[in-house]
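# Structural description and commentary
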Amino acid sequence: MKKLCRNSLFLFIIGIICTSVNAQELEQFSPIHTAIPSLSIAPDARGGGMGDIGVATLPDINSQYWNPSKYAFMESKAGVSLSYTPWLRKLVSDMSLAYLAGYYKLGQSDRSAISASIRYFTMGEIPLTEYGGNVYQNIYPYEMAFDLGYGMKLSESSSLAVTLRYIRADMGANMDDELQPDNAFAADVSGYTERFVYLGGAESLWSAGINISNIGTKISFDGGNTNQFLPANLRIGTGLLYPLDDYNQIGFYLDLNKYLVPSYPVRNDEETEEEFRERRDDYNSVSNGLIGAIKSFSDEPFSEQMKAVNISFGAEYNYNSQFFVRGGYHYENRLKGNRQYFSAGAGFKMSVFQLDAAYLISTVPSNPLDQTLRFSLSFDMDGLKSLFQ
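Below: a short report on this structure. The structure displayed is predicted, hence computed values, not measured ones. (Residues numbered from 1 in each chain as written. Predicted model: local features only at pLDDT ≥ 70, side-chain atom pairs only at ≥ 80, totals over all residues. Heavy atoms only, no water.)

Attention now moves to the environment of Leu160. Tracing the chain through its elements places Leu160 in strand E8 (residues 158–170). In this structure Leu160 comes out as partly exposed when scored by relative accessible area, which is 39%. With residues near it in sequence (within four places) discarded, Leu160 still touches Ser69, Tyr150, Gly151, Met152, Leu154, Val189, Ser190 and Gly191. (Helix = DSSP H or I, 4+ residues; strand = E, 2+ residues; numbered from the N terminus. Buried < 20%, exposed > 50% of the residue type's maximum accessible area, 1.4 Å probe, protein only. Contact = heavy atoms within 4.5 Å.)

Considering only enclosed or pocket space, the second largest pocket measures out at about 870 Å³ in volume. Secondary structure elements with two or more residues in the lining of the second largest pocket: helix H3 (45–48), strand E9 (182–199), strand E13 (310–319), strand E14 (323–331), strand E16 (353–362) and strand E17 (373–380). It is E17 that provides the largest number of residues to the lining of the second largest pocket, a total of 4 residues. Partitioned by chemical class, the residues of the lining of the second largest pocket number 15 nonpolar, 9 polar and 10 charged. (1 Å grid on protein atoms, 1.4 Å probe; cavity = no way out; pocket = protein on both sides within 12 Å on 5 of 7 lines; lining within 4 Å. Points joined across faces, edges and corners; volume = space filled by probe spheres on them. Nonpolar A, V, L, I, M, F, W, Y, C, P; charged D, E, K, R; others polar.)

What follows deals with the nonpolar core. In terms of nonpolar packing, the biggest core is built from 24 residues, with Ile36, Ile167 and Ile219 touching the most fellow members. Breaking this core down by element, the ones donating at least two residues are E8 and E9. Setting aside residues up to four positions removed in sequence, Ile36 forms contacts with Glu143, Ile167, Ala169, Ile219, Phe221, Leu230 and Pro231. Within the second largest apolar cluster, 11 residues are counted, among which are Ala232, Tyr264, Val286 and Ala293. (Core = buried A, V, L, I, M, F, W, Y, C linked by side-chain atoms within 4.5 Å.)

So, on to empty space enclosed by the protein. According to the stated counting rule, one finds 3 cavities of 30 Å³ or more in the structure shown. Approximately 320 Å³ is the volume attributed to the largest cavity. In this structure, the largest cavity is lined by 27 residues; those nearest its centre are Leu39, Ser40, Tyr65, Ser213 and Arg235. Those elements giving two or more residues to the lining of the largest cavity turn out to be helix H4 (63–66), strand E4 (112–122), strand E7 (142–153), strand E10 (202–216), strand E11 (233–243) and strand E12 (248–259). Partitioning the lining of the largest cavity into residue classes produces 10 nonpolar, 10 polar and 7 charged.

In this structure the tally under the stated criterion is 14 salt bridges. Of the charged contacts, one joins Glu304 and Lys336 as a salt bridge, the two residues approaching to 3.8 Å between their closest N and O atoms. Of this pair, Glu304 sits in helix H7 (residues 302–307) while Lys336 sits in the loop between E14 and strand E15 (341–349), and the two are 32 residues apart along the sequence. Of the residues examined, Glu304 reaches a relative accessible area of 22% and is grouped as partly exposed. Residue classification places Lys336 among the buried positions, given a relative accessible area of 6%. A cluster of three or more residues bridged by salt bridges with shared partners is formed by Arg46, Asp60, Glu316, Arg326 and Asp356. (Salt bridge = Lys/Arg side-chain N within 4 Å of Asp/Glu carboxyl O.)

For Asn211, the position within the fold is in strand E10. Of note is the side chain of Asn211, whose polar atom sits 3.0 Å from the backbone oxygen of Trp66. When residues no more than four places from it in sequence are discounted, the contact partners of Asn211 are Val55, Tyr65, Trp66, Asn67, Pro68, Asp188, Val189, Ser190, Asn233, Leu234 and Arg235. (Polar contact = N/O pair within 3.5 Å; in protein donor to acceptor, adjacent residues only side chain to side chain.)

Quick look at the pairing of strand E6 (residues 135–139) now. Looking along a regular strand, one sees side chains alternate from face to face of the sheet. Inspection of the sheet shows strand E5 (residues 126–130) paired to E6 by 4 bridges, in the antiparallel sense. Across the sheet, Ile126 pairs through a bridge with Ile139, a residue of E6. What sits between E5 and E6 in their antiparallel hairpin is a turn of 4 residues, with Gly133 showing a positive phi close to 100 degrees. (Pairing = 2+ DSSP bridges.)

In structure tokens form, the structure reads like this:
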């Protein structure tokens, strides 16, 4: 008989593989159960610096994660960005998320754009040992996703985008074949609008966005015996960019975020074992994420539904669209995950590239990104092209 070792594997089992827990624990702490939780990690430093916000912020190269429909409003013809996020850095040094995103605007009218991204979440090296302490195998679990999107302007002020995603997760094969790799497919639908409004005598830019993401198949790590939902998600938000003068601007943004995943059944005191088993079987029988998303709006009372809504506030100051200072706050109910934290960030933009950094300060214990720096490096392809002309 063999056992797994190392603290990171324990955290990996708890945080990455959704397992059943007893009803008493769920009554006290009941987060939404999903597979591939790395799909919910904000990958870029700009959004991370504002409390994980991005569905209605000004369009940028990393819009693929937040709202791909914003690419239709980009001024540059094309761009690419690379981001890096350490994970559980206080405990281990080899867990991280790498993210590459880019877009290209089509045609002479620049009313549509194609976009793509790839993310790779590595959990590092994890040794497996026997009870005697001898290491018999090292495994390298990872989660990855590749997506391709197309967006276009519906009018001068609104746009729509559709994104298709391929997902693969490999929890690390071992001698007993306890964990098997699997693939999944998902789709996103997003929309964005922006309009100029007058506020205090100044022409301000109001924006709003929506992104319904990761609606797709379920995934299994035990050969299909049990299946888990992807982290399907609804994100809506709004923002206002206010000009202080000709060179200084400040933007304020709000995002509301909710998982579109049914809650795992919890047995209550009034029901019998048979009734609870029937509800659990009904939960497991949901065949795909679309049906699960529909059920997620009616499987719990309205008060519980509201507890599952995460709120993010953020602000961004920029000087001449070259220097940026950011801050934000993210709130999640303590019974639904208890992620509560401040974040801060800064950025510097040249004609060719932009460098952004973000820092997270958790206000509750056990946040895996607490006191972590995130970085993004973005390139404007029009700027690069002009250097060689």
